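# Coordinate analysis (summary)
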Amino acid sequence: MSLVLVLFSSFAVLLIAFRYYGAFLRKRFEISDDIVPPSESMRDGVDFVPTNPFVVFGHHFSSIAGAGPIVGPVIAGLYFGWLPALLWILIGSIFIGGVHDFGSLIASMRHKAGTVADVARHYMGKTAGRLFLLFILLALVYVIVVFLDLTADTFAKEGNVASSSLMFMGLALMLGLVLRRFAGFPMWAVLSLFVPLLFFCVWLGEVYPINEAPTLFGTEKSFWTAVLLVYCFLASVIPVWLLLQPRDFLSSFLLYAAILGAGIGLLVGALRPDIHLAIQWPAMVGKSELAGFGVAPIGFLFPVLFITIACGACSGFHSLVSSGTTARQVKSESQAFQIGYGAMLIEGFVAVIALMTVAFLVFSGDAFADKGNPVLVFARGVGTFLAALGLPAETGVHFATLAVSTFLLTTLDTCTRLTRYLVQDGLRMDNRRVGNRYLATTLAIGLPALLAFLKFTDATGNPLPLWKAIWPIFGASNQLLAGLALLAVTVWLKRVGRRFVFAAIPMVFMLAVTMVALGLMVYEHSFLKLGPDAPVLDMLGSIAAALFVLGCLIVATACKAFGLVPLNRESVVRADVSSPRISR
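These lines cover the structure that appears in this document, whether it is placed above or below. (Residues numbered from 1 in each chain as written. Predicted model: local features only at pLDDT ≥ 70, side-chain atom pairs only at ≥ 80, totals over all residues. Heavy atoms only, no water.)

## Thoughts on the overall build of the protein
Summing up its helical and strand segments, the protein has 22 helices and 0 strands in all. Rg of the C-alpha trace for the protein: 23 Å, near the compact-globule value of 25 Å for 584 residues, within the 12% margin. Seen through its C-alpha atoms, the protein measures out along the principal axes to roughly 65 × 65 × 55 Å. Within the protein, counting contacts between residues at least 6 apart in sequence, those at least 24 apart form 83% of the total. In the form shown here, the protein has an accessible surface area of approximately 22700 Å², with 68% of it arising from carbon and sulfur atoms. Across the protein, the 39 positively charged side chains and the 31 negatively charged ones have centroids separated by 12 Å. (Helix = DSSP H or I, 4+ residues; strand = E, 2+ residues; numbered from the N terminus. Rg over C-alpha atoms; globule rule 2.2 N^0.38 Å. Contact = heavy atoms within 4.5 Å. Areas by Shrake-Rupley, 256 points an atom, 1.4 Å probe, with all protein chains shown as cover. Lys, Arg positive; Asp, Glu negative; His and termini not counted. Charge placed at Lys NZ, Arg CZ, Asp CG, Glu CD.)

## Comments concerning the nonpolar core
In terms of nonpolar packing, the biggest core is built from 207 residues, with F29 and W492 touching the most fellow members. Of all the elements, helix α7 (residues 126–157) adds the most residues to this core, at 19 residues. Residue contacts for F29: discarding those within four places in its chain leaves F102, G103, I106, R110, V489, W492, L493, R498 and F502. (Core = buried A, V, L, I, M, F, W, Y, C linked by side-chain atoms within 4.5 Å. Buried < 20%, exposed > 50% of the residue type's maximum accessible area, 1.4 Å probe, protein only.)

## Observations concerning empty space enclosed by the protein
Summed over all chains, the structure comprises 2 cavities of 30 Å³ or more. Quantified by volume, the largest cavity comes out at close to 50 Å³. Taken together, T115, I136, L140, L320, S323, G324, L418, Y421 and L422 make up the full set of residues lining the largest cavity. Tallying contributions element by element places helix α17 (residues 393–426) first for the lining of the largest cavity, with 3 residues. When its residues are assigned to classes, the lining of the largest cavity shows 6 nonpolar, 3 polar and no charged. Every residue along the wall of the second largest cavity is listed here: A139, V143, F317, L320, F474, S477, N478 and L481. (1 Å grid on protein atoms, 1.4 Å probe; cavity = no way out; pocket = protein on both sides within 12 Å on 5 of 7 lines; lining within 4 Å. Points joined across faces, edges and corners; volume = space filled by probe spheres on them. Nonpolar A, V, L, I, M, F, W, Y, C, P; charged D, E, K, R; others polar.)

## Here we look at the layout of surface pockets
Taken as a whole, the second largest pocket encloses approximately 680 Å³ of empty space. Every residue lining the second largest pocket is counted, 24 residues in all, and those nearest its centre are M42, K112, G114, D118 and D425. Elements represented by at least two residues in the lining of the second largest pocket include exactly α6 (116–124) and α17.

## Some thoughts on the side chain of N436
With respect to the helices, strands and loops of the structure, N436 is situated in helix α18 (residues 434–452). N436 sits in the buried class, given a relative accessible area of 14%.

## Comments concerning the packing of helix α3 (residues 53–65) against α17
Contact pair α3 / α17: the axes reach a minimum separation of 7 Å and the direction vectors enclose 100°. Judged by the inter-axis angle, α3 sits roughly perpendicular to α17. Seen from α3, the contacting residues are H59, F61, S62, S63 and A65; seen from α17, they are F407, T410, T411 and T414. Partitioned by chemical class, the residues of the contact of α3 with α17 number 3 nonpolar, 6 polar and no charged. (Axes fitted to C-alpha atoms, helices over the stretch in contact; angles between N-to-C directions. Parallel < 35°, antiparallel > 145°, perpendicular 65-115°, else oblique.)

## Things to note about unusual backbone geometry
In this structure, P303 follows F302 across a cis peptide bond, with omega equal to 10°. Relative to the helices and strands, P303 resides in helix α13 (residues 301–308). The phi dihedral of E30 is positive, around 55°, even though this residue is not glycine. One non-glycine residue, R428, lies in the positive phi region at around 55°. Residue R428 is classed as exposed on the basis of its relative accessible area, which comes to 58%.

## Some details on a nonpolar patch on the surface
A contiguous nonpolar patch, built from L83, L87, I91, F95, M284 and L301 and spanning about 520 Å² of accessible area, is present on the exposed surface. In terms of residues, the nonpolar patch owes the most to one element, helix α5 (residues 82–109), which gives 4 residues. Its relative accessible area of 37% is what places L301 among the partly exposed residues. (Patch = residues over 30% accessible without salt bridge, like charges linked within 9 Å, V, L, I, M, F, W, Y side chains within 5 Å. Salt bridge = Lys/Arg side-chain N within 4 Å of Asp/Glu carboxyl O.)

Take a look at the structure:
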């Protein structure tokens, strides 16, 4: 089968979904541009800043993408085959992930840009709100720890990536000042200057890599960890328009270029007889075939496939971005649809391209040699696709690696700011006081900073990277967060009298997947599996059990909320009136 046929058929399906299922969602959520968004009604110039939708889209897409839509599809394609992975990406992004992202964004905008924890507290009670807040904080700590460790390790090993990333930060500050100072300047003119400068920074990083960074505690990685913590602190407290927005916006063009280049390369390659880009990987991969290569399976198709492919189909982290930074910048509800639903579908397309970098491989044991580095599988695949355009394969590999590495940093800085919001909300800190922003950020990065400098080992005593030590629990907690965010959206719709089944069905599926996954994880890390001499539960098993119990408590609270009396519609401000639509 042709890679081009699969790729462009997937693109057509996603485009049709945006047009028709998107219209269905707009109707169900009663989208109206007469409603004044929080970016206008609560404008403060720091966090609540009405922003050009093109810029917000770039920020939102960069924040939710990261390496997620690349790593998950590559691993799933290798171990389960390209067909089940493709079906989950398309169905998931259209009917589950898109509803999750867009629903979280609209729910937040209708409730003064509050988090999903705020929505849960409003419609499910204070206890549910506190449980949600606790779960989200735990999930964000996982994200910060994982991406802090991965980014520091990348900077230590790839001096060109570190150099280019530092230059990106300076360029982003310049763009932020330009957009602020010359707000009426045409966006095409700004882009015609800064996008070439962005790619110039990529080239300059190759010429002047940071190959010998200072050491801290004896390692370069620890030095970069400290630098990144300082960067995250600054990115969290300074106005969003100055660094976070423009940096994420610029970073998005790297992935746009990789997607466009890979797509065109596939199309051109299909027309060139000297390039073989047909699908060679099996549609389905069985355990017996893996055993023949001496490769251990990663688990059952259900639920492992749906946990492995997260961001490319549905990811709980997206709800934190939607109801965090994005809800405070969007200028209208129609733009919220384009950003919330549209970005999820584009991310689904990125996941399809990542899957195609596996599909064209020859099915052999050698293909699993890079299973520990799915980014490398993706980069090599994109390099092959770009080679059809005449670009040297090695250059394409480097560019794809840099694009993914840059997105690790965008996720990290956004995540820190989101954690700061939650700390302020939980402690009822006044955001208008600068000192509160500094204190909340310090609390937000305190635990990740402590964990980042600890040493971890595996069962045999060998050093273990921090991100690998907690990765097994990261995927399950992220997907459980997606189910819980859909739960909050479903209860909100139910209690204000709107139709909610379209959100309830994805919610039930995501909760079932993740609760089964956590249950299996508890078993795998208990004495029942490890033997009578092992503890009842090891560290990962204990965390999985705690998350399972926490999820059950939130679901039980939601079930009670379904039976509560209906509420009036949200209290919102319309552009043509000075009072809320329905006061409480």
